[in-house]
Amino acid sequence: QVQLVESGGGLVQAGGSLKLSCAASGRTFSNYYMAWFRQAPGKEREFVAAISWSAGNPYYADFVKGRFTISRDNAKNTVYLQMNSLKPEDTAVYYCASSRSIARTTIPYVDGYDYWGQGTQVTVSS
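In this text the structure is predicted, and so the values were computed from the model without any measurement. For every chain, the first residue of the written sequence is number 1, and numbering continues from 1 along that sequence. For a predicted model such as this one, the threshold for reporting local features is a pLDDT of at least 70, and the threshold for listing and counting side-chain atom pairs is 80 or more; totals across whole chains, interfaces and linings nevertheless cover every residue. Excluded from the side-chain calculation are hydrogens and water; included are all heavy atoms of the structure.

A. Examining the overall build of the chain more closely. The way it works is that DSSP assigns letters per residue, a run of H or I at least four long becomes a helix, a run of E at least two long becomes a strand, and they are numbered from the N terminus. Counting its secondary structure elements, the chain contains zero helices and eleven strands. Sequence-ordered secondary structure for the chain, helices as α and strands as β, is β-β-β-β-β-β-β-β-β-β-β. Relative to the globule expectation of 14 Å for 126 residues, the C-alpha radius of gyration of the chain, 14 Å, shows essentially globular dimensions. Its C-alpha atoms give the chain principal-axis dimensions of roughly 40 × 30 × 25 Å. Burial classes: relative accessible area under 20% of the type maximum marks a residue as buried, over 50% as exposed, and values in between as partly exposed (1.4 Å probe, protein chains only). Among the 126 residues that make up the chain, the fraction classed as buried is 44%. Whether two residues are in contact is decided by their heavy atoms, any of which lying within 4.5 Å being enough. Of all intrachain contacts in the chain linking residues separated by at least 6 positions in sequence, the fraction that spans at least 24 positions is 56%. As displayed, the chain offers around 6,500 Å² of accessible surface, 46% of which is attributable to carbon and sulfur atoms. For the purpose of charge, His is not counted, nor are the chain termini; Lys and Arg are scored as positive and Asp and Glu as negative. A charge is said to be at NZ when it belongs to Lys, at CZ for Arg, at CG for Asp and at CD for Glu. The average position of the 12 basic charges and that of the 9 acidic charges among the side chains of the chain differ by 5 Å. When we talk radius of gyration, it's over C-alpha atoms, and the globule rule is simply 2.2 Å times the number of residues to the 0.38. To be clear on the numbers: accessible area is Shrake-Rupley with a 1.4 Å probe, and residue cover counts the displayed protein chains and nothing else.

Printed below as a string of structure tokens:
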């Protein structure tokens with residue numbers, strides 16, 4: 001059993017930055033993936049970024065376009081999402097997720113993840 005808790009969301013002006021954190025507790029796994037998804041009102045949950053826990057290999061959605069960076073701190077069992085140059089369309093609830101074992105080709109799909117955090121609200125004003 002794994003618990004995930006997101007933090008770091010808030011209100012920011014367009015062009016600003018936020019850094020999200022996701023702290024994992026409970027059972028930990030070797031060679032698993034951690035990911036960030038987001039969901040805006042009336043829209044489907046979409047993939048943002050993922051990272052392999054052991055090697056730290058990152059994966060990004062195309063819409064990130066170099067603005068976001070995912071990283072992890074193994075000692076703290078925490079994954080981060082640094083978001084720069086934020087746009088109003090980035091406004092959403094951001095969720096942290098973990099996968100015990102997932103194929104590389106299925107990283108962007110929500111069904112591949114076993115545990116989810118409660119989400120943290122990110123609001124970007126124009």
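B. Inspection of the packing of aromatic side chains at higher detail. A pair of aromatic rings is counted whenever rings of Phe, Tyr or Trp (Trp by its six-membered ring) have centres within 6.5 Å, and the orientation is called stacked for planes under 30 degrees apart, edge-to-face for over 60 and tilted otherwise. All told, the structure shown has six aromatic pairs when counted by the stated rule. Seen in terms of ring centroids, Tyr-33 and Tyr-59 are 6.0 Å apart; in terms of plane orientation they differ by 55°. Their pairing is tilted. With Tyr-33 in strand S4 (residues 33-39) and Tyr-59 in strand S6 (residues 58-60), this pair connects stretches of sequence that are 26 residues apart. Given the relative accessible area of 18%, Tyr-59 is considered buried. An aromatic cluster is present here, built from Phe-37, Phe-47, Tyr-113 and Trp-116 joined pairwise through their rings. A cation over a ring is seen here: Arg-45 above Tyr-95, with NZ or CZ 3.8 Å from the ring centre. Above the plane of the ring of Trp-116 lies Arg-45, whose end atom (NZ or CZ) is 4.9 Å from the centre. Distance and angle both matter: a charge sits over a ring if NZ of Lys or CZ of Arg is within 6 Å of the ring centre and within 35 degrees of the ring normal.

C. Summary view of unusual backbone geometry. Residues other than glycine seldom take positive phi values, yet Asn-77 does so here, at roughly 55°. Checked against the element boundaries, Asn-77 lands in the loop between strand S7 (68-73) and strand S8 (78-83). Asn-77 sits in the buried class, given a relative accessible area of 13%.

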